[in-house]
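What the coordinates show
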Amino acid sequence: MLLIKKLRLAAHLLRGLLTCAFIFPRLSVEQKTMRARAWSTRLLELCGMRLVVHQQAPLAEGGVMLVCNHISWIDIFAINAWRPVRFVAKAEIRQWPLVGWLSVQMGTIFLQRERRADAKRIMHHLAELLDAGEALTVFPEGTTSDGTTLLPFHANLLQAPASTGKAIQPLCLYYADAADGGQSMAPSYAGDTTLMQSINAILNAPPLTVHLSIGEPLSIPEGAHRREVAALAEAAVAQALCGFRREEGVSEMVGVVETAEVLEPMISGS
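Notes on the structure follow. (Residues numbered from 1 in each chain as written. Predicted model: local features only at pLDDT ≥ 70, side-chain atom pairs only at ≥ 80, totals over all residues. Heavy atoms only, no water.)

1. Focus: the pattern of salt bridges
Defined as follows: Salt bridges are counted wherever a side-chain nitrogen of Lys or Arg sits within 4 Å of a carboxyl oxygen of Asp or Glu. By definition, any uninterrupted DSSP run of H or I lasting at least four residues is a helix, any uninterrupted run of E lasting at least two residues is a strand, and each is numbered from the N terminus. Only protein chains enter the accessibility calculation, which uses a 1.4 Å probe. A residue is then buried if its area is under 20% of the maximum for its type, exposed if over 50%, and partly exposed in between.
In this structure the tally under the stated criterion is 2 salt bridges. We note a salt bridge from E45 to R42, for which the minimum N-O separation is 3.3 Å. Remark: R42 and E45 occur in helix α2 (residues 29-46); sequence separation between them is 3 residues, near one turn of the helix. A residue is classified by how much of its surface remains accessible, and R42, at 40% relative accessible area, is partly exposed. Notably, a salt bridge pairs E134 with R86, separated by 3.6 Å at the nearest N-O pair.

See the structure below:
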């Protein structure tokens, strides 16, 4: 059974590669967005996951940096199933089989954190993108955790909104057992866990629900230091995570939108 699940997942990844290579160059931005959302939603389904979005506010316009907790490699696809955006990711992801190439095609910005000169260049690039009105997503923890708590947010990733004054908007991911709503550790890609071990754990897990909270945009005070921005972002994401952990049945929370239902017309028409 596990082998069949892996083969289906590999076939879906290959389909994504072929789409990016031969179809994406001929599509409009809107068409690319629709296909990326549908493809990411299908990826979650193949991994036994259903996405539920708790949308407290619409995505901020005019340039925004989305800040999110980081649990797994599948976080990116969970967010893309809600809305495809550009990500800032560690440079190692570029070397991952299939996933790395797909990330490149989706416009991911790769950061070599150990090289200060590269980090400075990337921060200037992010500021330019925010000024151009783009939505960017970062994982300020800098690495993955088991999802039960937040790691400290790195302030250097928040330099771009600090220097441009663009809003930040908190996102929070929470993986739960679909049967009882309890938090699941299966997607965790932390510590010495390998990518294949993480994939096996996800595919062997019972059905899961991915909860994604979209918080209110947070304005950056004029002249705020990046550490102040990081503290503001960390507090907002921590509050959302605590909210999930307090709820016994998070799927019943007010304001839930089931993304699979929202995407159904796009999937059938893609």
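Moving on from the model shown.
2. A few points about the nonpolar core
The tendency in soluble globular proteins is for nonpolar side chains to be buried side by side. This is how it is decided: Working definition of a nonpolar core: buried Ala, Val, Leu, Ile, Met, Phe, Trp, Tyr and Cys residues. They are joined through side-chain atoms within 4.5 Å.
Of all hydrophobic cores here, the largest spans 52 residues; its most connected members are M49, W73, I79, W82 and L173. When residues of this core are assigned to their parent elements, the largest contribution, 6 residues, is made by helix α3 (residues 75-82). Counting 34 residues, the second-largest nonpolar core is a separate cluster that includes L111, L157, A160 and A176.

3. Remarks on α3
α3 sits mainly inside the fold: 8 of its 8 residues count as buried. Among the residues of α3, those classed as buried are D75, I76, F77, A78, I79, N80, A81 and W82.

4. Observations regarding helix α8 (residues 226-246)
Rules: A helix is expected to span 1.5 Å multiplied by its residue count minus one. By construction, the arc corresponds to the directions joining the helix axis to the C-beta atoms. For this analysis, residues touch if any pair of their heavy atoms sits within 4.5 Å.
Between its terminal C-alpha atoms α8 stretches 30 Å, which fits the 30 Å expected from 21 residues at 1.5 Å a residue. Along α8, the residues classified as buried are V229, A230, A233, A236, V237, A240, L241, G243 and F244. What you see down the axis of α8 is that its buried residues fit within an arc of 160 degrees, all on one side. Along α8, the residues that are exposed and aim more than 90 degrees away from the buried face are R227, Q239 and R246. For α8, the elements touching its buried residues are β1 (49-55), β2 (64-68), α6 (159-164), β6 (167-177) and β7 (208-214).

5. So, the packing of aromatic side chains
We count it as follows: Only Phe, Tyr and Trp rings are paired, with Trp represented by its six-membered ring, and only when their centres lie within 6.5 Å; those with planes under 30 degrees apart are stacked, over 60 edge-to-face, the remainder tilted.
Under the definition given, this model contains 4 aromatic pairs. Aromatic ring contacts, followed pair by pair, group W39, W73 and F77 into a single cluster.

6. What about the pairing of β1?
The following threshold applies: The pairing criterion is simple: DSSP has to find at least two bridges between the two strands.
In terms of burial, β1 is largely enclosed, as 5 of its 7 residues are buried. Of the strand pairs in this sheet, β1 and β7 are connected by 7 bridges, and their pairing is parallel. Among the inter-strand pairings, Q55 is bridged to a residue of β7, identified as I214.

Nothing here speaks to function; it is all geometry.
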